[in-house]
Amino acid sequence: MSHEQSEQYDVLIVGGGAAGLSAALVLSRALRRVVVIDAGSPRNAPAAHMHGYLSREGQPPAELLDIGRSEVRGYGGTIVSGTVTTLDGDLESGFGVVLADGRQLSGRRVLVTTGLRDVLPSVPGISERWGRDVLHCPYCHGWEVRDQPVGVLGGTPEAVQHAQLVRQWCPDVVIFTHGDALTSEQRMQLTARHIRIVDGPVRRLIITDDEISGVQLETGQVVRRNAIFVRPRFAANSDLLSSIGCACTEDGWVRTNDVSGTSVPGVWAAGNAVNPRAQVITAAGEGSTAAIAINNDLVIDDIRRAARDLV
């Protein structure tokens, strides 16, 4: 890619969610030329409201992003709609991205905030109700279903502990093992907290009047429930980071330091792309931290360039 022929910025931010927009706000206020490239498919799009974000409790996620984009533009930042297909470059020559429509952008530094994908169990009804009454995070949605009869779908190593956590909000919890073989200790602990164990595979969710009304087992038995918690498998949208050589942890996630820097100089990553447990407020904080680190790095580069020009 010829960086000289592309649009030039101080910082390329790939991903327009909470982390990317938070970083763009800090950097644009620092008088950096910043562009956010946003594919427009946020992870929390199915959710009607977000929770646990101080001063934004219950706000629709799309509304938060609209406000964020306006704030970034208000300080001179640029928002571009598109999907980045290629990332290359290095600290010395600069970095460049190519969008799906062929547009090219380049920058001195890169921040990747492309989030993750929730890989859901292949049970009919799960994906259709995801973010509505099929839920993942009890800290995000537990209050809304408190004291209601809920279920936890097994099939993942974390399901039993998830059921114990959900019990904090709901006295009537059923764990559907869905093929899992529970240990005697797990069964004892679940029983001790009055969490009902239903063995056997789940066939589908029962939907009545656009709401979950129950869970049907392969035997045909229906267990009445108002909501279902699942622990999806998290898949990071980290292909761009891998393609440029960022080192990963043993479990396959791109490794970052305490200011979101990757192993590739000049490349940062924040939010769910590298932290599967980051909620919206956490991702925004990580974006801000990365932005300050990026700006400090650019100041060092500004000093180096200014001194070189004196020679």
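Residues numbered from 1 in each chain as written. Predicted model: local features only at pLDDT ≥ 70, side-chain atom pairs only at ≥ 80, totals over all residues. Heavy atoms only, no water.

Colleague: Please clarify how the overall build of the protein should be interpreted in this entry.
Modeller: Looking only at helices and strands, the protein features 7 helices and 17 strands. On the principal axes, the C-alpha backbone points of the protein span a range of 80 × 35 × 35 Å. Among the 311 residues that make up the protein, the fraction classed as buried is 48%. Sequence-distant contacts in the protein: of pairs separated by 6 or more residues, those separated by 24 or more amount to 59%. Summing over all exposed atoms, the protein offers an accessible surface of approximately 15100 Å²; the carbon and sulfur share of this is 51%. Seen as two clouds, the 29 positive and the 35 negative side-chain charges of the protein have centres 3 Å apart. (Helix = DSSP H or I, 4+ residues; strand = E, 2+ residues; numbered from the N terminus. Buried < 20%, exposed > 50% of the residue type's maximum accessible area, 1.4 Å probe, protein only. Contact = heavy atoms within 4.5 Å. Areas by Shrake-Rupley, 256 points an atom, 1.4 Å probe, with all protein chains shown as cover. Lys, Arg positive; Asp, Glu negative; His and termini not counted. Charge placed at Lys NZ, Arg CZ, Asp CG, Glu CD.)

Colleague: Whenever I open this one, the pairing of strand β10 (residues 173-176) confuses me. Can you help?
Modeller: Within a regular beta strand, the side chains point alternately toward one face of the sheet and then the other, so they alternate between its two faces. Here β10 shows no split at all, with Val-173 and Ile-175 on one side and Val-174 and Phe-176 on the other all buried. Two elements, strand β9 (residues 150-153) and β10, share 4 bridges in a ladder whose sense is parallel. When the sheet's bridge partners are listed, Val-152 is paired in β10 with Ile-175. Considered for its hand, the β-α-β crossover made up of β9, helix α4 (residues 159-166) and β10 is right-handed. (Pairing = 2+ DSSP bridges. Right-handed = clockwise from strand over helix to strand, strands pointing away.)

Colleague: Hey, could you run me through the pairing of strand β4 (residues 84-90) in this one?
Modeller: Bridge count for β4 against strand β5 (residues 94-99) is 6 bridges, and the pairing is antiparallel. Bridged to Gly-89 within β5 is Phe-95. What sits between the antiparallel neighbours β4 and β5 is a turn of 3 residues.

Colleague: Help me understand the packing of helix α1 (residues 18-29) against helix α2 (residues 61-74) in this model?
Modeller: The relative placement of two packed helices comes down to the angle between their axes together with the axis-to-axis distance. In the contact formed by α1 and α2, the axes pass within 9 Å of each other and the chain directions differ by 20°. In terms of their interaxial angle, α1 and α2 are classed as roughly parallel. As for the relative orientation of α1 and α2, their crossing is left-handed in sense. Two secondary-structure elements touch here, α1 through Ala-18, Leu-21, Ala-24, Leu-25 and Ser-28 and α2 through Leu-65, Gly-68, Arg-69, Glu-71 and Val-72. Across the contact of α1 with α2, the residue classes break down as 6 nonpolar, 2 polar and 2 charged. (Axes fitted to C-alpha atoms, helices over the stretch in contact; angles between N-to-C directions. Parallel < 35°, antiparallel > 145°, perpendicular 65-115°, else oblique. Left-handed = near helix turned anticlockwise from the far one by under 90°. Nonpolar A, V, L, I, M, F, W, Y, C, P; charged D, E, K, R; others polar.)

Colleague: Could you clarify how one ought to interpret the sheet that holds strand β15 (residues 227-229) in this entry?
Modeller: Where strands meet in a sheet, backbone hydrogen bonds hold them as pairs that are either parallel or antiparallel. Read across the open sheet, the 5 strands follow the order β8-β15-β9-β10-β11; overall the sheet is parallel. Each edge of the open sheet carries a strand with a single partner, namely β8 (134-135) and β11 (195-198). Summarising the sheet, β9 and β15 pair through 3 bridges and their orientation is parallel. In the sheet register, Val-150 faces β15, and the bridge partner there is Ala-227. Across the sheet, α4 touches β9, β10, β11 and β15, and the angle it forms with β9 is around 160°. Against the sheet, helix α5 (residues 184-192) touches β10 and β11, its axis set at about 135° to β11.

Colleague: I'm lost on the packing of aromatic side chains in this one. Help?
Modeller: For any two aromatic rings, the description comes down to two numbers: the centre-to-centre distance and the angle of the planes. In total, this model carries 1 aromatic pair according to the counting rule given. Positioned above the aromatic ring of Tyr-9, the side-chain terminus of Arg-33 is 4.3 Å from the ring centre. In this arrangement the basic side chain of Arg-146 is found over the ring face of Trp-143, its NZ or CZ atom lying 3.9 Å from the centre. (Phe/Tyr/Trp six-rings, centres within 6.5 Å; stacked < 30°, edge-to-face > 60°. Lys NZ or Arg CZ within 6 Å of the ring centre and 35° of its normal.)

Colleague: Help me understand the environment of Asp-118 in this model?
Modeller: With respect to the helices and strands, the residue Asp-118 is situated in strand β7 (residues 116-119). Judged by relative accessible area, which is 18%, Asp-118 ranks as buried. Separated by 113 residues in the primary sequence, Asp-118 and Arg-231 place their C-alpha atoms 9.1 Å from one another.

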